[in-house]
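# Topology and contacts: notes
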Amino acid sequence: MINEKAIQSLEFDKILSILKQHLSSEVGAEYADKLRPAGSLRDAETLQEQTEEAETVYTRTGRTPVSGFPDVRELVERMRAALFLSARELLSVAQAMRASREARDVLQSGGAEGLLCNMANKLASHRSVEEEVARCILSEDEIADNASPELAKIRRQMKIVGERVREKLNNMIKSASMQKYLQEPIVTIRNGRYALPVKAEYRSQVPGLIHDQSSSGATLFIEPSAVVELGNDYKKLLAEEKNEIERILCGLTAMIAPFADEIHGSIGMMGALDVIFARAVMARDLRAVRPKLNDGGLIRILRGRHPLIPKESVVPVDIWLGETFRTLIITGPNTGGKTVTLKTVGLFSLMAMAGMFIPAEIGTELSVFGDVFADIGDEQSIEQSLSTFSSHMTNTVRILKNADERSLVLLDELGAGTDPIEGAALAQAILEHLYEARALTVATTHYSEIKAFALTHA
């Protein structure tokens, strides 16, 4: 497991932010946040293979298979305990199922091979279930009349009763004697009952049931006695409609419930695929290539471009180490690119181990490390009242304790921040120790003593 300090120092989190711009789902974002460099060559190769397969499918189909889909994992878990899901919740589940089926279709028609083919086969595909939900539920708050014969019958009766009520009330509001009692000549519905807006002072002139009143109290909404019986019939039909809708939702929930585990697994698989295809799209965006991987500490970067520097101003670099020497000392003037070169080595290594392609030329080779250590930039610690030099030394001591032949160590301005003679001697001792520990080391310096040491050391 690569230590989080190195991940932060090398700005791997910013690479994840770029990756997340190419995602289609919240589940994908959750999986992207968990993406970390693999600890073994085998796992890193698997991640790289996924990215390459995804790039092939993307090239063939012109799209990623994962379209936006809702995270319904909590809903399908609740399905076991709940009597029924709401119309909105069932629509969300059906939408997720459709996204899963479509992703499977795109992968299979796009010639997904090996790893992605295996993932595609694990995606749920139940078209008939999706279509039944779509047939019954028109929107979050509308169930189709033909969702069941009983619902269609109830709604036909509601329409007949409603028309009879409206006909009677329309005749009332057209009569000259009634009009003077009304605020306005309209039929309205209050609490599921048809009513007329009557001026409060004429309450006694319009016999019937009061169902509501305006906020000012000037208007009463009265259901005239002449339509109360029909209103009761309508209210009864409303209750029957509600019960029938619940029965329909129960049926749809029961139809989906057997696939709950499968849908839950599909959502996770879709999140993983979203990240894989985001890596492929990001690779195209960065004009990146798949690096060759090893676990022997060999690094050969050909015209590497740091991905966080704008494309128009980045200067490509060639870097190699680990074959005839395991310690690389980089010297040069301030703002000459020493730190960027150091970070390029570290960030490329983390990206490659996390399955990302590298913005460099074909032939670039990187190593998988057991851990990466970085001491870069201003390490001053206000909380611990440590000076910049003390903080660097605290970090360096931790690195010296833990670095071994499977480690990559990156040290920026080694020994800086103290007396130049002492700093140079200290830097030399640290480099000797890391050399003997066989850690792959890249260090930047401006000490002439270290330059001389590098030139005379095997």
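Residues numbered from 1 in each chain as written. Predicted model: local features only at pLDDT ≥ 70, side-chain atom pairs only at ≥ 80, totals over all residues. Heavy atoms only, no water.

Moving on, we come to the sheet that holds strand S3 (residues 188–190). Taken in spatial order, the four strands of this open sheet run S3-S4-S6-S5, and their pairing is antiparallel. Every interior strand has two partners, whereas the edge strands, S3 and strand S5 (208–213), have only one. On average, each strand axis in the sheet is inclined to that of its neighbour by 50°, with strand direction left out of account. Two elements, S3 and strand S4 (residues 193–199), share three bridges in a ladder whose sense is antiparallel. For Thr 188, the partnering residue across the bridge sits in S4 and is Ala 195. Along the sheet face, helix H9 (residues 149–174) touches S4 and strand S6 (219–224) and points at about 15° away from the line of S4. Each of S4, S5 and S6 touches helix H11 (residues 228–256); the most contacted strand, S4, lies at about 135° to it. (Pairing = 2+ DSSP bridges. Helix = DSSP H or I, 4+ residues; strand = E, 2+ residues; numbered from the N terminus. Axes fitted to C-alpha atoms, helices over the stretch in contact; angles between N-to-C directions. Contact = heavy atoms within 4.5 Å.)

Okay, the pattern of salt bridges next. If you walk through the whole model with that rule in mind, you get 26 salt bridges. Glu 4 is the partner of Arg 36 in a salt bridge, and the nearest nitrogen-oxygen pair spans 3.0 Å. Note that Arg 36 is positioned in the loop between helix H3 (26–33) and helix H4 (41–61) and Glu 4 in helix H1 (residues 4–9), a separation of 32 residues in sequence. What makes Arg 36 partly exposed here is its relative accessible area of 25%. Put simply, Glu 45 and Arg 290 hold a salt bridge, and the shortest N to O gap is 3.2 Å. Residue Glu 45 is located in helix H4, and its partner Arg 290 is located in the loop between helix H12 (260–285) and strand S7 (292–294); the two are separated by 245 residues in the primary sequence. For Arg 290, a relative accessible area of 25% puts it in the partly exposed group. Each of the salt bridges in this network shares a partner with another, and the network as a whole consists of Glu 30, Lys 34, Asp 71 and Arg 73. (Salt bridge = Lys/Arg side-chain N within 4 Å of Asp/Glu carboxyl O. Buried < 20%, exposed > 50% of the residue type's maximum accessible area, 1.4 Å probe, protein only.)

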